[in-house]
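Tertiary structure, described
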Amino acid sequence: MLRTSDGREIVLEETSLIWWRRVRAAQKAAEGNADAFERNLINNDCRGALTGILTTAFQGKWISHPEATDRASDKLYQMAVAQRSGFRVPRTLVTQSRDEVADFLGQVGRVIVKPVVGTSGPLLFTQYLEDPASIAMESFEACPAIYQEYIEGDEHVRLNCFGDRMYAALLKTEKLDWRADLTIPISVWPVPDETAERVLAVLRVLGLRMGAIDIKLTPSGEPVWLEVNPQGQFLFLEPLLRIPLAEYFLDFLLDEARAHAWSGSP
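As the structure is a prediction and not an experimental result, all values here were calculated from the model.

Some words on the sheet that holds strand S9 (residues 155-162)
Spatially, S11-S10-S9-S12-S13 is the arrangement adopted by the five strands of the open sheet, whose pairing is antiparallel. On the outer flanks of this sheet lie strand S11 (186-188) and strand S13 (223-229), each paired with one strand and no other. Here the strands of the sheet are splayed against their neighbours by 25° on average, with no regard to which way each runs. Where strand S12 (residues 210-217) lies against S13, six bridges are found, and the strand directions are antiparallel. When the bridges of S13 are listed, Ile213 appears paired with Val228.

Set out below in structure tokens:
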């Protein structure tokens, strides 16, 4: 049995579905602790205990399973899966070498940079890298980063997949990272059948039942895979697209729970 932060008791044997989201949030008990070691201990051990209990005792449906969620969060792995599933992906380099980045820039013409994993706190927006020589070598050597060819075009797609259902937004902007400005033109994007089939193929291999996928459309309309967030945000699009995404997602969760019950799974 587990007890929630508001005191409710959850009997795992009577629970049919878990939405596995934001389990890495810090514990309130650690917030007032000035010692970083003790904060990390509290957060890591609470997280580890919860994950261990659930993956051992829970027999219901995961959206999505912790192992699949962690594996799918690897940007390099998911990109390889997307390519095998038929998507074009940007030419990519992961390195800590300024010289390798400079050579890569010469090959692809224009380069963007983003973190391999990132960190909690302020968003790290994707950025252009115009001149590697203007940045200290030590900055490259500090940790690896993802360097990719820039994909031309001003049309970006955020595709939310709930099971077999997809709800996508088309965002038009010349900016590299649309997250910095949601006043741009945003409209519903009908997902082409071929793109939908490829998205489902990627999620099946990754073991995900949902995901928020970022795609860039080239000037000719070709969809280029950027990444999938296994538990990405989607409610911000509800007022912008004027569609009830929260309701659609709730229907998805209920359908998944019913399907699990009907299957007779333990």
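Remarks on the packing of helix H4 (residues 75-84) against helix H7 (residues 193-206)
In the contact formed by H4 and H7, the axes pass within 9 Å of each other and the chain directions differ by 130°. As summarised for this structure, H4 and H7 are arranged oblique, according to the angle between their axes. Seen from above, H4 lies across H7 with right-handed handedness. Between H4 and H7, the contacting residues are Tyr77, Gln78, Val81 and Ala82 on the first element and Val202, Val205 and Leu206 on the second. Here the residues of the contact of H4 with H7 sort into six nonpolar, one polar and no charged.

Conventions and cut-offs
- Residues numbered from 1 in each chain as written.
- Predicted model: local features only at pLDDT ≥ 70, side-chain atom pairs only at ≥ 80, totals over all residues.
- Heavy atoms only, no water.
- Pairing = 2+ DSSP bridges.
- Helix = DSSP H or I, 4+ residues; strand = E, 2+ residues; numbered from the N terminus.
- Axes fitted to C-alpha atoms, helices over the stretch in contact; angles between N-to-C directions.
- Parallel < 35°, antiparallel > 145°, perpendicular 65-115°, else oblique.
- Left-handed = near helix turned anticlockwise from the far one by under 90°.
- Contact = heavy atoms within 4.5 Å.
- Nonpolar A, V, L, I, M, F, W, Y, C, P; charged D, E, K, R; others polar.

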